Amino acid sequence: MNPAKINELFDLLRAACARQFAFNPKRVTAGMRYVGKEGHGKDMVHVFRDAGTHSQIVLQSTSAILREKHGDKPHWTEAEKAHYRSSDAEIEAEIRAKEAELEFIRHSPLYLDHRTQLLAHYKDWPGYQAGGPNPREAARALIVALGEAQDARLAAFAEHLGSSDPEHLAHLLLAPCHLELEAVRKTTDD
C-alpha cells in the first residue's frame, strides 16, 4: 500500500482511538505500525500492531476495535491502555528520560571500553569482522563474561540503569551502536 494511503489510515486510526478510548494521538503515531488488510468487501478491516507488545487495533471504516486477545496471548492490559492515554507532558518526559539514558550509555566507561568490539559485529560498520556472532549475542556474551569477572564498570552500569538482566543490559549497551551506524549510513548516502 502506498504511503499516502497509510497516512490516511493513520489519520482515521488516531481520530477513532482518541474518540473511543481517549488514546493520545502522539502515542498512537509512535507506537502503532500498519500490518495490512484482513477480510473482503464490507468485512475488510485494516490491522495495526503495537511495536513493542504486538497488541492489535482493527480499523473498520472510522471505528477502532482493540483485539483483546490474539491467539493464546491476552492483549491490551489496563497498564497498556493507560500507556496509550499518556498526556503530552508525560510523553515528553519519557522522551527526555530515554535521551538521558542514551547519553549516559554513550559516555559510560563500559560502552567506551567495548565500543569497537561491539560495532565489529555489525555488517554496515567499516570495521566489521565476519564470522562472529550477531551483535545481540556478542553483547550478551560480553555482559555475562564481565558479570562473572565482577567487572566494576558493568556493576556501575547495571546499578545506574536499574537492571541486572543480561538481555536487557545487552540491548541497552547496543543502543549507541545504532546511532553510530546511522551516522555512517548518512555519510555514505551523501
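Attention shifts here to the pattern of salt bridges. The full count for this structure, using the stated rule, is 15 salt bridges. The salt bridge partner of Asp11 is Arg14, with a shortest N-O separation of 2.4 Å. In this pair, Asp11 and Arg14 both sit in helix H1 (residues 3-21), 3 residues apart, roughly one turn of the helix. With a shortest N-O distance of 2.6 Å, Asp113 and Arg153 are connected by a salt bridge. You can see Asp113 sitting in helix H5 (residues 109-119) and its partner Arg153 sitting in helix H7 (residues 152-161), a full 40 residues away along the chain. Each of Glu68, Glu78 and Lys81 takes part in a single network of salt bridges with overlapping partners.

What follows concerns unusual backbone geometry. Backbone geometry at Ala22 places phi at a positive 60 degrees, although glycine is not the residue there. Examined against the element boundaries, Ala22 turns out to sit in the loop between H1 and helix H2 (25-31). By relative accessible area, which is 48% here, Ala22 ends up partly exposed. Here the phi dihedral of Ser61 falls at roughly 60 degrees; this positive angle occurs in a residue that is not glycine. Its place among the elements puts Ser61 in the loop between strand S3 (56-60) and strand S4 (63-67). The class for Ser61 is exposed, based on a relative accessible area of 59%.

Procedures and definitions
Residues numbered from 1 in each chain as written. Predicted model: local features only at pLDDT ≥ 70, side-chain atom pairs only at ≥ 80, totals over all residues. Heavy atoms only, no water. Salt bridge = Lys/Arg side-chain N within 4 Å of Asp/Glu carboxyl O. Helix = DSSP H or I, 4+ residues; strand = E, 2+ residues; numbered from the N terminus. Buried < 20%, exposed > 50% of the residue type's maximum accessible area, 1.4 Å probe, protein only.

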